[in-house]
Amino acid sequence: MTDQTPPNQGPLTGLKVLDLTIALAGPMCTQRMGEMGADVIKIEAPGGGDFSRYSTMAGVTKFGDATTFVTLNRNKRSLILDLKSDAGRAVLYRMVKDADVLVQNFRPRVAVKLGIDYATLSAINPRLVYGSISGYGEDGPMKDRPGQDLLVQSFTGLTMNAGRASGLPHPSPLYMVDVSASHLLTEGVLAALVARAVTGRGQEIKVSMVSAIMEMQIQELTSFMSTEAPPTRSESPQVSIWMEPPYGIYTCSDGGHLAMAQTDLDVLADVIDVPVLKTLKASRPSQSDSKALMRWRDDIYDAAQARFAENTAAHWDTLLTEHGIWCGVVNDYARFLAHEQTQRYLTTMTHSKGGEYRTVAPAIRFSGNPSPVLRGSPRYGEHTREALRDAGFSAAEIDKLIADGVAVTQKADA
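Just so we're clear, the structure is a prediction, and the values are computed from it rather than from any experiment.

S.K.: Please clarify how the overall build of the protein should be interpreted in this entry.
M.R.: Helix and strand content of the protein: 16 helices and 14 strands. The principal-axis extent of the C-alpha atoms belonging to the protein is close to 85 × 45 × 40 Å. By the burial criterion, 46% of the 414 residues in the protein qualify as buried. Just so you have it, the protein exposes about 20,500 Å², and 57% of that area is on carbon and sulfur atoms. Taking the 41 positively charged and 46 negatively charged side chains of the protein as two groups, their mean positions are separated by 6 Å.

The structure is reproduced here in structure tokens:
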């Protein structure tokens, strides 16, 4: 590597990762490996590369790319390569020979069509650990549908677990399915690397976004399958239909909000001086009477809400915390990012185009590498020549690949 940044001496130092991913789940997985010290080569297609370079969050960009890309592709090098061409695939095959990991998130059958599926690449390098993420899996009637986070949340029932009975389904505003899938694939790749150290052989790891969000809902799905009368949404604004009241979020006198977790109603009744909560606790309807349970939940929420509306969120947070009740003030991003507790989880990055930006620090920390070296996301094609040179291509070969349009390098002023 010719990058002037010192190498990251993390637990994956010395491993080579080929990143053929786009969007969020795949890039987050490979970014994590890069943070752990792996040399990650992001192989992007001619004509724009990873669409997250230009698919923005609320129109926000940084250094000419969408912040979506900038925040998911640090500690990588960008190589532009046409994998639809025979010459481009030949380059990839040559790089696969000494790669440790390859990660892709194409739709099912696309990898086979391109000739970059596990069967093909493992024949070139039997030690290769090959990870893939799909939306709905590789078979079944949904296999060719787009694996987008909101759509998968909606398909798997998640959006019906919160909100009001009379309101719209209630999705998470975050790409929680993508993030969960990225963690699962990272775990799978790391486990396969451990197994390879014993057996000498790589293997394929498959993760679907549906399986990821099903695991996140394992308590709710199992509970649903274990009862003849599962809970439904009522008219109170529920955070989760599966948690017993008063679990939820309440509006306070200052317009702020208080979140309250699992709480004994008897204790809460005494602390906030609402005796009716004890009566309501003792009158819980039968689990089989769904309509009565919905009314019961609403009665508890309404009684607690009326009391919380009499004072500020900070007041209730202090009072309830003093009595051991799990609660917290609901923050927006501005308050959260300004909080003293938050600062240790943020970091300042420097981009090769010039300038700095503040972002989230690596979530996993290692005693053997407490301060990992972090490099900003790569410009499109920034490392094409460098990555091919490191893969053993001569200067003449690289010049020909670029002249033929098989590989593309960035313009000097890009």
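S.K.: Whenever I open this one, the side chain of asparagine 161 confuses me. Can you help?
M.R.: Along the chain, asparagine 161 falls in the loop between helix 6 (149-155) and helix 7 (176-199). There is a polar contact of 3.4 Å between the side chain of asparagine 161 and the side chain of tryptophan 242. Beyond its immediate stretch of four places on either side in the chain, asparagine 161 contacts Gln217, Glu220, Val239, Ser240, Ile241 and Trp242.

S.K.: How should the environment of leucine 337 be read in this particular structure?
M.R.: Mapped onto the elements, leucine 337 comes out in helix 14 (residues 333-338). Non-local contacts of leucine 337, meaning those with residues more than four positions away in its chain, are made with Thr342, Gln343 and Leu346.

S.K.: Where do I start with the nonpolar core in this structure?
M.R.: Soluble globular proteins tend to pack their nonpolar side chains together in the buried interior. Ranked by internal contacts, the top residues of the largest apolar core, which has 29 residues, are Met33, Val101, Leu185 and Val189. Breaking this core down by element, the ones donating at least two residues are helix 1 (25-35), strand 6 (101-104), strand 7 (129-134), helix 7, strand 8 (204-208) and helix 8 (209-216). The element best represented in this core is helix 7, accounting for 7 residues. Here leucine 185 is in contact with Cys29, Val103, Gly131, Ser132, Ile133, Ile205 and Val207, once residues within four sequence places are set aside. Core analysis: the second largest hydrophobic core is formed by 28 residues, Val91, Ala111, Ile116 and Ala391 among them.

Rules behind the numbers
- Position numbers for residues start from 1 in each chain and track the written sequence from start to end.
- In view of the model being predicted, local features appear only for residues whose pLDDT reaches at least 70, and side-chain atom pairs are presented and counted only at 80 or more, with totals across whole chains, interfaces and linings using the full set of residues.
- By convention in this description, side-chain values take in all heavy atoms of the structure and omit both hydrogens and water.
- Under the scheme used here, helices are H or I runs from DSSP no shorter than 4 residues and strands are E runs no shorter than 2 residues, and both carry numbers assigned from the N terminus.
- Relative accessibility under 20% of the residue-type maximum defines a buried residue, over 50% an exposed one, and the middle range a partly exposed one, all with a 1.4 Å probe and only protein chains included.
- Areas reported as accessible are Shrake-Rupley estimates using a 1.4 Å probe. Residue values count occlusion only from the protein chains shown.
- Asp and Glu count as negative and Lys and Arg as positive, but His and the ends of the chain are not part of the count.
- For charged residues, the charge sits on one atom: NZ in Lys, CZ in Arg, CG in Asp, CD in Glu.
- Residues adjacent in sequence count toward polar contacts only when both atoms are side-chain atoms; beyond that, a polar contact is any pair of N or O atoms within 3.5 Å, and within protein one must be able to donate a hydrogen and the other to accept it.
- Residues are treated as being in contact if the distance between any of their heavy atoms lies within 4.5 Å.
- For the purposes of this section, nonpolar cores are sets of buried Ala, Val, Leu, Ile, Met, Phe, Trp, Tyr and Cys residues that join through side-chain atoms within 4.5 Å.

Shape is all these values report; function is a separate question.
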